[in-house]
Structure formats: C-alpha cells, structure tokens
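# Structure assessment
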Amino acid sequence: MKSFSLNQLAALLNAEISENSTQQFTGLNHLDAATSDQVSFIGSSKYSKNYAASGAGAVVINENLKHLVSGAIPLLVVKNADLAMAKLLSLYEPDAPEFETEISDRAYIHPTAQVGSGCKIGPGCYVGARTVLAEGVTLYPNVTILDDCSIGTRTTIWSGTVIRERSVVGAFCIFHNNVSIGADGFGYRPADDGSGLVKIVHIGNVIIGNGVEIGANSCVDRAKFASTIVGDGCKIDNLVQIAHNCILGRCCIMAGHSGLAGSVTLGDGVVIGGSASIKDHTTIHSGAVVAAGSGVMGDVAAGKTVLGYPATDSRDKLREWAAVRKLGKA
Amino acid sequence: MKSFSLNQLAALLNAEISENSTQQFTGLNHLDAATSDQVSFIGSSKYSKNYAASGAGAVVINENLKHLVSGAIPLLVVKNADLAMAKLLSLYEPDAPEFETEISDRAYIHPTAQVGSGCKIGPGCYVGARTVLAEGVTLYPNVTILDDCSIGTRTTIWSGTVIRERSVVGAFCIFHNNVSIGADGFGYRPADDGSGLVKIVHIGNVIIGNGVEIGANSCVDRAKFASTIVGDGCKIDNLVQIAHNCILGRCCIMAGHSGLAGSVTLGDGVVIGGSASIKDHTTIHSGAVVAAGSGVMGDVAAGKTVLGYPATDSRDKLREWAAVRKLGKA
Amino acid sequence: MKSFSLNQLAALLNAEISENSTQQFTGLNHLDAATSDQVSFIGSSKYSKNYAASGAGAVVINENLKHLVSGAIPLLVVKNADLAMAKLLSLYEPDAPEFETEISDRAYIHPTAQVGSGCKIGPGCYVGARTVLAEGVTLYPNVTILDDCSIGTRTTIWSGTVIRERSVVGAFCIFHNNVSIGADGFGYRPADDGSGLVKIVHIGNVIIGNGVEIGANSCVDRAKFASTIVGDGCKIDNLVQIAHNCILGRCCIMAGHSGLAGSVTLGDGVVIGGSASIKDHTTIHSGAVVAAGSGVMGDVAAGKTVLGYPATDSRDKLREWAAVRKLGKA
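Residues numbered from 1 in each chain as written. Chains lettered and ligands numbered in written order. Predicted model: local features only at pLDDT ≥ 70, side-chain atom pairs only at ≥ 80, totals over all residues. Heavy atoms only, no water.

Take the overall build of chain A next. The helix and strand inventory of chain A stands at three helices and 39 strands. Taken across its 330 residues, chain A has 60% of its residues classed as buried. Relative to all contacts within chain A whose residues are 6 or more apart in sequence, the contacts with residues 24 or more apart total 19%. A total of about 12,300 Å² of accessible surface is found on chain A, and carbon and sulfur atoms cover 51% of it. Charge centroids of chain A, computed over 26 positive and 29 negative side chains, lie 8 Å from each other. (Helix = DSSP H or I, 4+ residues; strand = E, 2+ residues; numbered from the N terminus. Buried < 20%, exposed > 50% of the residue type's maximum accessible area, 1.4 Å probe, protein only. Contact = heavy atoms within 4.5 Å. Areas by Shrake-Rupley, 256 points an atom, 1.4 Å probe, with all protein chains shown as cover. Lys, Arg positive; Asp, Glu negative; His and termini not counted. Charge placed at Lys NZ, Arg CZ, Asp CG, Glu CD.)

Glancing now at the relation of the copies chain B and chain C. By a simple turn and slide, chain B fits onto chain C: the slide is 0.0 Å along the axis, the RMSD is 0.0 Å, and the turn is 120°. The relationship between the two copies is best expressed as a three-fold rotation axis. With a heterologous cut-off of 20% or less, the 19% of interface residues of chain B that recur at the interface of chain C puts this contact in the heterologous class. (Least-squares fit on C-alpha atoms with pLDDT ≥ 70 in both.)

Before going further, it helps to examine the environment of E102 of chain A. All names here are of chain A. Relative to the assigned elements, E102 resides in the loop between α2 (81-91) and β8 (108-109). We classify E102 as partly exposed; its relative accessible area is 44%. The spatial distance from the C-alpha of E102 to the C-alpha of R130 is 20 Å, given a sequence separation of 28 residues. Sequence-distant contacts of E102, defined by excluding residues within four places in its chain, comprise C119, K120 and I121.

Let us now look at the relation of the copies chain A and chain C. Comparison of the two chain copies shows a relationship of rotation about an axis with a shift along it. Rotating chain A by 120° and translating it 0.0 Å along the rotation axis places it on chain C, where the RMSD comes to 0.1 Å. Looking at chain A, a mere 17% of its interface residues are interface residues in chain C too, so the copies touch through different faces.

Turning our attention to the domain arrangement of chain A. One can read the domain layout of chain A as domain 1 (4-91) and domain 2 (161-315). Placing a centre on the C-alpha atoms of domain 1 of chain A and another on those of domain 2 of chain A gives a separation of 40 Å. (Domains from an automatic or database assignment.)

With that settled, consider the sheet that holds strand β16 (residues 156-157) of chain B. Residues and elements named next belong to chain B. One open sheet accounts for 11 strands, arranged β10-β13-β16-β19-β24-β27-β30-β33-β36-β38-β39; its pairing is mixed. Sheet topology places β10 (120-121) and β39 (312-313) at the edges, where each strand pairs with a single neighbour. Looking at chain direction, strand β13 (residues 138-139) and β16 are connected through two bridges and run parallel. From the neighbouring strand, L139 faces β16, where its bridge partner is I157. (Pairing = 2+ DSSP bridges.)

Another aspect to go through is the interface of chain B and chain C. Contacts between chain B and chain C engage 54 residues on the former and 58 residues on the latter. Taking both partners together, chain B and chain C bury about 4,500 Å²; carbon and sulfur atoms supply 62% of that area. Between chain B and chain C we count two salt bridges in total. Across the salt bridge formed by R130 of chain C and E98 of chain B, the nearest N and O atoms sit 2.9 Å from each other. Counting the contacts that link chain B with chain C gives 21 residue pairs in polar contact (both at pLDDT 80 or more). (Buried area = accessible area lost by both parts, 1.4 Å probe. Salt bridge = Lys/Arg side-chain N within 4 Å of Asp/Glu carboxyl O. Polar contact = N/O pair within 3.5 Å; in protein donor to acceptor, adjacent residues only side chain to side chain.)

Residues and elements named next belong to chain C. The end-to-end C-alpha separation of helix α3 (residues 314-329) is 23 Å, in line with the 22 Å expected for 16 residues at 1.5 Å each. Taken as a whole, α3 has its buried residues at S314, K317, E320, W321, A323, V324 and G328. Near the N-terminus of α3, the side chain that reaches the backbone nitrogen of R315, with its oxygen 2.9 Å away, is that of D313. (Expected span 1.5 Å × (residues − 1).)

Right, let's get into the environment of R166 of chain B. By secondary structure assignment, the location of R166 of chain B is in the loop between β17 (162-163) and β18 (168-169). Classification of R166 of chain B by relative accessible area gives buried; the value is 18%. When the C-alpha atoms of R166 of chain B and G136 of chain B are compared, they prove to be 20 Å apart, with 30 residues separating the residues in sequence. Those residues in contact with R166 of chain B that lie beyond four places of it in its chain are P94 of chain A together with D147, D148, C149, H202, I203, G204, N205, V206 and R222 of chain B. Only 3.1 Å separates the side chain of R166 of chain B from the backbone oxygen of I203 of chain B, close enough to count as a polar contact. A polar contact of 3.0 Å, which involves the side chain of R166 of chain B, links it to the backbone oxygen of G204 of chain B.

This next bit is on the pairing of strand β6 (residues 58-62) of chain A. Residue and element names in this part refer to chain A. Of all five residues in β6, five are buried; the element is thus mostly enclosed. Residues A58, V60 and N62 line one face of β6 and the alternating positions V59 and I61 line the opposite face, and both faces are buried. Two strands pair when backbone bridges link them, and strand β5 (residues 38-42) and β6 are joined in this way by four bridges, in the parallel orientation. The residue of β6 that forms the bridge with S40 is V59.

Residues and elements named next belong to chain C. Pairing is parallel in the open sheet, where 10 strands are placed in the order β8-β11-β14-β17-β20-β25-β28-β31-β34-β37. Both edges of this open sheet fall to β8 (108-109) and β37 (295-296), since each of them pairs with a single strand only. With two bridges joining them, strand β14 (residues 144-145) and strand β17 (residues 162-163) adopt parallel strand pairing. Across the sheet, I145 pairs through a bridge with I163, a residue of β17.

For the structure on display, the rule yields 21 aromatic pairs over all chains. Ring plane angle 0° and centroid distance 3.7 Å describe the contact between Y140 of chain C and W158 of chain C, whose orientation is recorded as stacked. Separated by 18 residues along the polypeptide, Y140 of chain C in the loop between β13 (138-139) and β14 and W158 of chain C in the loop between β16 (156-157) and β17 bring together distant segments of the chain. Here the aromatic cluster, defined as three or more aromatic residues joined through ring pairs, consists of F99, Y140 and W158 of chain A. Directly above the aromatic system of W158 of chain C lies the positively charged group of R164 of chain A, at a separation of 3.3 Å from the ring centroid. (Phe/Tyr/Trp six-rings, centres within 6.5 Å; stacked < 30°, edge-to-face > 60°. Lys NZ or Arg CZ within 6 Å of the ring centre and 35° of its normal.)

Let us now look at α2 of chain A. Residue pairs three or four apart in sequence face the same way in an α-helix, which turns once every 3.6 residues. Taken together, the buried positions of α2 of chain A are A81, A84, M85, A86, L88 and L89 of chain A. Tucked into the core, α2 of chain A has its buried residues touching α1 (6-13), β4 (27-28), β5, β6 and β7 (75-78) of chain A together with β21 (188-190) of chain B. The distance from a side-chain oxygen at the start of α2 of chain A to the backbone nitrogen of D82 of chain A is 3.0 Å, and the residue carrying that oxygen is N80 of chain A.

Side-chain positions along a regular strand alternate between the two faces of the sheet. Residue and element names in this part refer to chain B. As judged from the two bridges shared by β17 and strand β20 (residues 180-183), these two strands associate in the parallel manner. Bridging from a neighbouring strand, V162 pairs with S180 of β20. As defined by bridge partners, β20 adjoins strand β25 (residues 219-221) across three bridges and the pair is classed as parallel. Bridging from a neighbouring strand, I181 pairs with V220 of β25.

Structure (structure tokens):
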C-alpha cells in the first residue's frame, strides 16, 4: 500500500500546510467518508460545511475557500483543488493486474505476427496473421486482434475487445473492455430484383491516432473504402457508436451512448454530450459543442453550442423550451 | 421434458378447475399458437375473444374475466393470471447449460486465486491474482475476472463478461453476456501546456450488492476514488451505462439503453425508463420514476414521475405536448 | 493485390468509356484522395467540381452528370454510380482473415456437438452440448455458442459474440463482434412479501431467420415463452437492443442505438432510425419508417413515417417544430 506524509503531499501539490501532522496517508475519500489516513477535498463552497465533521486526516482546499472553514484538520491550500486531486489520484494509482508470464502460452499468436519487446499478452488472446504489435503493447486476457493489424507503442487493450483485420491503432492508446473496432459498416442496397437488401461490401479500414481512449462496449466501424479515422487524443466514452467513414479530428470528446451516423466529420476539440446523435454526412466544426441528448440534423459551425432535438443554437433552444413551458401552463 | 397434469398445475397455482382433463402439459404458449399439451393465459379482457379458437389444452384466467369466455377448453381460474404465468415459467424452466467438467482445464486460474466449493468454471475463463470466488459461483465459458476481485455465493456470470480488478460483487447476482464492470471512469483535464487532455486516474472500484442482475453489454465504471455502488436487488437491463461514482440504492430498475452520467445518485426503488439519461451529479430520490426517453437535468423528488427532454413533472410535460400539438395545427 | 484494367471495369459495370487507358486499377477512393491506380465516383452534381483536380485514374459518373465535367481523366459512364460503387467494392473485397487450421485445437467443442463440413472454428471458441453447426459455418476466435443451438449454412460469427442456449440461427447470417443473443429477457414482479423484485424466468428462445446481419455489441433477448423472432433479411446495426418476445418481419432495418422494448412487433420492411426507441407491446406495421431519434409510444400504420418524441406523423411533427421555433423567437 502506498503511503505518504503530509509534507510529501504538500511538496507534490505545491501546497501550503495549515499545520503539521505526523499522519501517513494511504488514499483519498469524500469528506463524509474519509478516515484519518485519507485526504479529502474542498473544491467548491458547497462542500465547506462538511469540513468540521469530517474524519479526514487532511483536506486539500482552494486558496479562495480557506476562509470558509475552521477546525483541527490540517489543510493543504492550493490554487486548484480539482487539479490537486488529479495529481493525488496518479500518486495513489494501484498496480495494474499481474501477468504470471509475459506472453501466455494460452494465447494464440499466428506464426507471421510480430510481437515487439516488452509486450504482455494474456491467456485467451488471439493475434492474427501479419499483425504487428509495437514495443510495450499490453493485451489483457481474451483480447482478439485479427489479421494485418498494427498496434502502436505502449497501447493497452483490455479484455473482451476485438480488433478486426487491417485496423491501424496508434501509440499510447487505451481500449477498454468489449470494444469492437473495424466491423463492417452498415450499408445495403435494394436487390435488383426487389427481393430484399444486398450487402454493400466495406473494403476500407479503421485508423486510430495516438493517445486515443475508447470506452467499454463502444464500436468503430470500418470504412466503405478509405478509412474511418479517429484523430490523436480523442476520448470516447462507453457504448458509443462511430459509424463507417466518420472522421474525427484531434482531441474530440464523445460521452456515453453518443453516436455518429455514417460519414460524419468532427473538427478538432469537438465535444459530443451523452446520448447525443449526429445525422449521417454532417460536419461538426472545430470547437463546437453538442449538448447531451441532442439530435443533430445539420452542420454545426466552429465554436457553436447546439442543444435539443432537433438541435439548434443552445440559446434559441432554451428560449423555445421556456416558451413551451409557459404554453403548457396557459 | 417436464410434464404436469391439470391437477398438478391447479395445486401449484391454487387454481379452481372448470372441468377435468387427462392431458399432460409440457409448456406454455400464446392463445393463438398453443397446442393441446400447452397452457395459455387470459389476463385481460382483450384476449378473451381468442379463447374459443385456441388449440391450448388449458387456459389460466383471472377470476373476474371467467364470465367472458365459454367453450370446451378447461380453465384454471386464479386471482392473478400474470402471477400464475410467472409461477409456471419457473416450473418449466429448462436446465442450465452443462459443464463437461466443473472446473475446465482450459480455464486459467491464477495460483493465488481462491475458488469456493461447488464453483463451475468454463473453458476460456480467466480468474486473476488473489481473486476470491465464493461457494457455488458459475462462470460460463470465456468470462474474464481480473485481480483482487471478490464474487459472492452462487453468483452466475455469463460468457463474454469482463470484471476489472478490485471489483466486489455480491451473492446471487446474474451478469449477462459481454457486461463490462470496473473499467476506468471517463475523466480528463486540460494539459497544463494546453497540448491536449490528460487522463484522470481512477483508483476507486465497483461494489455490486446482492441479488443484482445486469443485462447484456451493459457497463459499470469504477470510481475516481471510493466506489461506484449498485445496491442490493437492482435490476439493470441491456446496453445500460452507469458511470464512475454513481450510487444506486436498493431495488432500482434501469431499462435498456438508459444511462447515468458521473456521480448520479439514485435512492431506493427508482425506475429509469428505456433510453432515458441522467445528467452528472444529479440525485433521483427514492421511488421516483423517470419515463422512457427522458433527459433529466436536475434532481427529482421522492416519488415523483418525470417525463420528456428536458424532463419535468409528467403531468406538466403532457400538457406541454398537448399545447404544442395544438400549436402545430393552428 | 487485386488489379483490373479499364476495359475489365467497364465490362463489369456495363459502362461506356470516355477514352482508353492502359492503367491497372487496384482500388477505390474519394476524388480528392484518389491516386492514378484508383477509381473514384461522381454520383451527385456537388462532386462534379472536384473532378478536374482529382488524381484518380478513372471516374465513374452518372450518365446525367457527364456534361458537368471536362478534363483528362477517363470516365466510366453508368446509369447509377452508387450501384456501380457497390459492384466495385465487391470486386475489390479483400480476403477474410486466415485460419491456420480449419478447426483449432484451442477451441472447445462438446462431444455431443455436431460440426458440418467446411466449418471453420478459431481458437478460444466454445461450442456447447448438442449444438449443431451446419455446413460452412465460420466462428472467428473467441466466439461462445452454448447448448442446444443450431446455426445455419454458411453463417459467419465474429469474435466476442455469445449465443445462449436453445437459440436458432438461420443460413447466410453475419453476426459482428460482441453480439449477445438469447440472454434472459428483462422481467420482474414484486415479491409477495414486498421485500423486493422476483425474477420472471424466461423459458423461450431466439429465432433468427436467413440472411440476417446483426451489428457489433447488439443484443437480442430470448422470450418469456415461445420465441423472440428476427425475420429473414433483417439488417441490425451496432448497439441495438431487441427485447424479449419482439417479432420482426422480413427485411427490417434498425440503425445504431435503436431499441425495441418487450413484445414489440415490426411488420415487413420497417425502418427504425438511429437512436429511436419503441415502447413495449407496440406494433409498427409493414413499410413504416421511424425517423432517427424518435420515441414511439403507440402503433404505427403501414407505410407511415413518424418522427419526434413523442413520435407523430412526420409532417405534423415538422409543423410542430416550426411553430415552436417561431414561438421561441416571439
């Protein structure tokens, strides 16, 4: 168990200490649940009232909130308690799951696959023909990577994830559990004789940039031709759908249950709220924000925030909602 | 094949029989599909018209609907046909899938893991370091449980499910296929140098109570610190998202495609309808109901029903919808 | 790498060539990305302006758009460029992933299972007791099929997919990654003593017709009794939920994130847009269209298009939306 003194924590956080303590700290907790060996946080005024009764051994607090609390618990006074919390979380990060052997003999690795130095491959994994794992790739148990893929340096792939053939994944990515990368895009055409639907073959692939994180049970389909692209630094939450031929710029965020229909383009730094969905062939330009729950049916200009179903400028939509509320009471 | 006489069924259901029959019954079916060895049901007046032409060998009917039907098919007259159906479904429950050997030698079980008596572990399963399975736990093929987890008595975990390190799961739970428990919560902060997003480490875990059921392809993320908690008796449908630091009370219900953003709190007995989503840091108090498709953006009082996007009191929302419909016709 | 001459492509597409070329063509690409060994497409007037500067070696164009372009790149003039593209995609389809051996000795096949001729079964697969795989079934690595299932001729099942006991799957189906078929339906009743919720046992199964495609991480639950049925030729996208006792007719389409609650019936050729959800016990009659994002709360007549939440006739809903927009500006 990791353990640090108050002085060590103060040094890490560049914090001023309100009083000394000989306590060793082994973790973090909420004010109302923390014990004497745990650090807690006050990052907004509404939590200051919970200070006095807290069992925490120390409390990190914003400089500008310090005057709101008084009591015996030592304070670590910082500019930004949220940032301090993020640093402490890194400090207390537990070790990752262990591998009894680095490359399990219960994994199947095709004779033509290449495995870089320092890779870890758990039991039940499958690495297909001609697939290349760069240095330091970790595949947790029961990951499947099919043929002709390439996985970049130090990328981590958690159990249950499947990466279909010809996918290209960058370095320092994290794919959580049961992710599906590179399945066929969803496209059909009416049969010439009207008897039903004919599948449109998808010969493209998926390209994922560096530093991309993809949440559990999310899906990125491969392109009809060319590539579905997820740019460097994108962060994708759980249960997200990214359809064939979508192109995401750098550092986009998509929250849980959100979805892009086919051939949607996102600029850089676009934020898609939870459960929002975007119509096919739409472009959301850089820095735009789609609020949670929205249904976007047309292009969104750079930097704009849209809201609602159908999505419009968020200020317009809030006015619409207010008007409808009034109408309902009339 | 399980087979019961009319008298046996009547005894089980505490039913009155309208006339005797020597038929043996092997299952249940709809009125319009049932054969002479099957039982069918009339639990509401609208189905009574299908009685006469049914091929069923017997029909379970509500006492108060008996006067609506006349014909030759024996009736099992009960107070509540829906409850009687639930009892018959239990009676006819088929055997669970077989294990050739109780603990497959194609499963990987870490030398430091503990496996209770009566556990069944299928091929392709992974049980990580120091993980403890209590008595009678069943892992169907290709389940992954990583390090330092604990799984309670007689919990059943179906194929494809992944449980990440440090998760605590209660007794008598059922996790369906491809569930993801304990993946990293979704949290980032801007890098100090503005170059992109920095991952916030999530050092907490997931705690699942007793008697919890989690549907296929659903996700419960682990907490930033402390725990994401799903209380005793909660029932979670398929493709549901429960984000980091959510806390669910006892016996909550979440229907398919619904989602909770980070740090949402549900009281006891809360019902979240299908495809509904709840904003982060929101509290839905005990006994509240969120109707299907709703988008909840603020706290909901105990016992209240909210509806719509944005969600409001359901009666208010229905009035708004009526007003808008009228407006559209003006 | 597959390679074809201009004349070969023209013959396949029944196209008229604007001028000859000795180029060999190895693939397809967008006008602005294509190289001299790639074919590109102009299927609508808005792309015609990209013709002159394209690096493509040939361009397939609709007959009626030919007059909009002039330049050196040979044209393949066809009636329907979209259809021509679909044909070329089939032509250039890459080989499927390889199997080192047809039936991997790292797969577990129960002694009572039957495996048809020409089946391929990858490492980590599980085939349960009495399950029958017809001729030419392909199971990619880490597929789980439990007991008493039947999988039809030449059906392909991708990695991570789980098919629960007693499921019946037709011929020529494709199930993508991490699909969950046949999990318990979501049904509970209050306990007699009010102590919580009692699980309703689901003794039915799932029946999937021929030529059905089911997208990654989608779910089809089994029926309470009788069967959940997905008719011939249905095409289901990613992250779709089909609850217990739903019945889908022939050739229905369900786009990503859409969902059917319990006992929903779809006629033939019904189209459900992305993220749309349908209330339980509702019937959507043949040829009806539910627009993306809609929440359907009642039956929909054959051939009708509904839109919005709550869903109504699409023309009515568009009028409502226009009225609300006007109201917000008042």
